Amino acid sequence: MDNKQGKQSLISRLASSEAFLSVAASLICIVIGLLLGTVVLAIINAEHAIGDGLMVIIKSGFKSPRNMGTVLANAAPLIMTGLSVGFAFKTGLFNIGAAGQYTLGAFGALYCAIVLQLPWYLCLLAAMLLGALWGAIPGIFKAYLNINEVITAIMFNWIGLYLVNDIMYGKGQSPMYDLATTKTFSLRKVAKGSMIPSCGMSDMFGKLQSVTIAIFIAIFFAIIVYIVLSKTTFGYELKACGFNKHAAQYAGINDKRNIILSMTIAGALAGVGAGLYYLSTVAEWNPQVSTALPALGFNGISAALLACSNPIGTVFSSLFISYITVGGTKLSTQYYTKEIADVITALIIYLCAFSMLFRNRIRAMLTGKNRRVNVGKGGND
Amino acid sequence: MNDYIIEMLNITKEFPGIIANDNITLQLKKGEIHALLGENGAGKSTLMSVLFGLYQPEKGEIRKNGEVVKIKDPNDANALGIGMVHQHFKLVEVFSVLDNIILGVEPATKRLGFLQKAEARRKVMELSERYGLKVDPDALVEDITVGMQQRTEILKMLYRDNEVLIFDEPTAVLTPQEIDELMKIMKGLAAEGKSILFITHKLDEIKAVADRCTVLRKGRYIGTIDVATTSKEEMSEMMVGRKVQLVMEKQPQKLGNSVLSVQNLTVKSKKHGKALVNNVSFNVRRGEITCIAGIDGNGQSELVYALTGLMKTDSGKIYLGDKEITHMSVRERNLSGLSHIPEDRHKHGLVLDYTLENNLVLKRYFDKQFAKNGFLKFSEIRRYADGLIEKYDVRSGQGAVTAARSMSGGNQQKAIIAREIDLGNDLLIAVQPTRGLDVGAIEYIRKELLRQRDSGKAVLLVSLELDEVLEVPDRILVMYEGEIVGELDPRHTTAKELGLYMAGAQRN
Ligand SMILES: Nc1ncnc2c1ncn2[C@@H]1O[C@H](COP(=O)(O)OP(=O)(O)OP(=O)(O)O)[C@@H](O)[C@H]1O
Ligand SMILES: [Mg+2]
């Protein structure tokens, strides 16, 4: 009797806990996404869909320390771009410019490392500042000229990309450009002091050199963002603007300032992401081939969506995306291409659009019948 | 066999922390106007939402013409001929009136599905003509007055040939003239055999149109009465559980110095440059309630926006005490002593996705009391919110942590009023503060306004309701087409005289 009541209240507590519902809904998205992914695998090559397809994607990340290391190294920058997008979302802004901010961040980090030979934390700071600058621009346009941030951000994505490519290449004369590799100089060769320290991380993960403390830096930022959003007056203002701009204005909140600040911070976060990536020497920048915007910028949107813009959730969603991406690269090219992981991620993200539906379903399941239909805006009446 | 078109039997609907409907039975006769009366949060909207398929009840059943029906969503309701005008409208702001009306039932060619708007327009205009529901079919909803938005909602139901019409507080947002019209329209509809469920807090309206009235209190069914044989006093007692006194006893006035002084204020429309507020000057002094009266859309909203900083002024000056505030930001004005109960509680008054407590500190979260070094003091906020909730009797499912969105309309309004009055500012600008409140709450708010006045504060009341205009203030300024066309003394004027000024037929 007592026991039953305890169980009852636990269930009803869960049913009304937003956090629980979000996590559960995201997990459902993931499971269904993987199932649909398997269907896609089966369509391409039915025979190997499970053993050489799905299982490889699911298992590879954990298979060896090196793979695990790769997951972590790739997750760190993704967490940052995810935070960037999520942060702007909370303020009601869509930061599609994370890619451009990331590009500028990459330039800042590499320039300070290769040319100025600065220590890694100053390089990271430079990445942050340049990212912030690139985020601030769409913010300013939005606040003062009411130009949609998406449009400005997309334009500045490309402006940033070609600007950075030009400077880094400099017709082959740039001090950052290594003619031998046709990429920027490897920090391992020319700027060891600018690399983010590994502090034993790389030894733990099969001597994979690109595993550094970057993942901890990213988690640290996630915690900071979480605190800013949920514990501070600044976060209170930002969310108020995001939920209801008119009420925010009515309350005397300076929405113009908040729009600019929000985009600036979002840009800074994306910039740090680039810093973490390039200063961990996961790869070098290839100014002649990089005519596409860095995918990490856009994958940040996925990470943020999957996490419902929750900063802590973004850590997990990024790890997950990074994990199945690594799985994708391990697929046997005999049967599949590695892009299949992108397809699965895309499916999962697409399903996230239904997460509201899943939430209501879960709630209904827990409470037995209480089905609640959400109708438009404007409350219950 | 039985003459009930709709029967809701033993309906129970729970929300987290509250039983909104507790075993309620309501029977609607064909062709009658059935009023639903109850305090804010009594569960009226919830009950109607159950009928309209927005909520599924835990217990109870619904019958139409004696047969049990399942209403799983508004489409089911629509198929059964049940339509609803919600307390807070559900229109697509960027669509035209016509598009909103036909949304979901767009007439289209059979083959290719091209929209047949001409046909729809004809039907809408015909309905509009027949029932006197004036609308501009091509205007965007975001540009039209609330009155017209409501007429759009009504047309939406009529367009769908609904026979059971639910009106959730339709008169709360209307001007007295519009209310009279609506009453006529409703009677006309009932005469044509439509059955109407009518939620209102105004007993006069129930007296004027309703045949029967069901009373709810705190989620429970109290009774159903015959309107003709029951007095207003009896009804309000049934509803509140005590006697209510709406005629205020006013203390003698102790006038002080001027708190708000407006000089030659002009606000022009951004769109067409026409003056919406035209060279307006007036004062509000300590210890007085000044009321701006007028028909909706005569510049009252813009005047208030200009005073509170939500809109830029084109010329003229505004003083708060000795301080000129004409070009100050909203925050500076608030901190200089201006409180504002806004006209639109959903657009401006509340962040609906915030909790009640976060809304209660919307104007002072940055205050030393609630924040330190930029960090919010959650326990302080909770304590303060609990205090206000208690003092102003704001009812909700889960107290301070209730989502503002889930609160009943009247309680949302009470929360705003609590927040604004508790700022303790010298000037209180109250726009339609009793809109949508039950008589008990109206009594409370009016007393509160008078208390502000008696404690030496200045109150600027903007109201569309004649009885409020005549009852509460010490001074009436009538606005017509952006100008102040008359100043009246409420003790020596009549509703008729006031009406003439409001209609622009007289000025002094
Ligand atoms: N979706 C919801 N979630 C949680 N609680 C709700 C929800 N809708 C209504 N409630 C609660 O149920 C109670 C009844 O609300 P309802 O809106 O039916 O009142 P009402 O009689 O229409 O009041 P009002 O006259 O103020 O509009 C209120 O306490 C309200 O807070
Ligand atoms: Mg209601």
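Higher on the page you've got the structure.
Quick look at the structure, then. For clarity, every value in this text was computed on a predicted model and none was experimentally measured.

Tallying secondary structure elements over chain A gives 17 helices and 2 strands in all. On C-alpha atoms alone, chain A measures out to a radius of gyration of 22 Å, which is about the 21 Å that the 2.2 N^0.38 rule sets for 381 residues. Seen along its three principal axes, the alpha-carbon backbone of chain A occupies a region of about 75 × 60 × 40 Å. Put simply, 76% of the contacts in chain A that link residues at least 6 apart link residues at least 24 apart. Summed over its atoms, the accessible surface of chain A is roughly 16,900 Å², and 66% of this surface lies on carbon and sulfur atoms. Within chain A, one finds 28 positive and 14 negative side-chain charges whose respective centroids are separated by 6 Å.

Taken together, 22 residues are adjacent to ligand 1, and Gly41(B), Lys44(B), Ser45(B), Thr46(B) and Gly410(B) come closest. One chain alone does not account for the residues near ligand 1; they come from chains A and B. Within the backbone of Gly41(B), a nitrogen or oxygen atom sits 2.7 Å from an oxygen atom of ligand 1. One of the side-chain nitrogen or oxygen atoms of His201(B) is found 3.0 Å away from an oxygen atom of ligand 1. Taking 640 Å² as the accessible area of ligand 1 by itself, protein coverage stands at 97%. A total of 3 residues in the shell around ligand 1 trace back to one element, the largest contributor, which is helix α1 (residues 44-51) of chain B. In the shell around ligand 1, the residues fall into 6 nonpolar, 12 polar and 4 charged. Built from parts of two domains, the shell around ligand 1 gets at least three residues from each of domain 1 (4-240) and domain 2 (258-502) of chain B.

Turning next to the sheet that holds strand β14 (residues 315-320) of chain B. Residue and element names in this part refer to chain B. Strand order in this open sheet of 4 strands is β12-β11-β14-β15, and the pairing throughout is antiparallel. Each of the sheet's edge strands pairs with one partner strand only, and the pair in question is β12 (275-285) and β15 (323-324). The pairing of strand β11 (residues 258-268) with β14 spans 5 bridges and is antiparallel. Looking at the pairing, Gln263 lines up with Lys317 of β14.

So, about the pattern of salt bridges. Close approach of charged atoms allows side chains of opposite charge to pair. Residues and elements named next belong to chain B. All told, the structure shown has 40 salt bridges over all chains when counted by the stated rule. For Glu205, the salt bridge is made with Lys202, and the minimal N-O distance between the two is 3.7 Å. The shortest N-O distance in the salt bridge between Arg405 and Asp353 comes to 3.2 Å. Placement of the pair is Arg405 in the loop between α13 (378-391) and α14 (409-422) and Asp353 in the loop between α11 (345-349) and α12 (356-360), with a sequence separation of 52 residues. A network of salt bridges, in which partner residues are shared, links Glu39, Asp393, Arg395 and Lys414.

What counts as what
- Residues numbered from 1 in each chain as written.
- Chains lettered and ligands numbered in written order.
- Predicted model: local features only at pLDDT ≥ 70, side-chain atom pairs only at ≥ 80, totals over all residues.
- Heavy atoms only, no water.
- Helix = DSSP H or I, 4+ residues; strand = E, 2+ residues; numbered from the N terminus.
- Rg over C-alpha atoms; globule rule 2.2 N^0.38 Å.
- Contact = heavy atoms within 4.5 Å.
- Areas by Shrake-Rupley, 256 points an atom, 1.4 Å probe, with all protein chains shown as cover.
- Lys, Arg positive; Asp, Glu negative; His and termini not counted.
- Charge placed at Lys NZ, Arg CZ, Asp CG, Glu CD.
- Near = heavy atom within 4 Å.
- Polar contact = N/O pair within 3.5 Å; in protein donor to acceptor, adjacent residues only side chain to side chain.
- Nonpolar A, V, L, I, M, F, W, Y, C, P; charged D, E, K, R; others polar.
- Domains from an automatic or database assignment.
- Pairing = 2+ DSSP bridges.
- Salt bridge = Lys/Arg side-chain N within 4 Å of Asp/Glu carboxyl O.

Remember that the coordinates give geometry; whether it matters functionally is a separate question.
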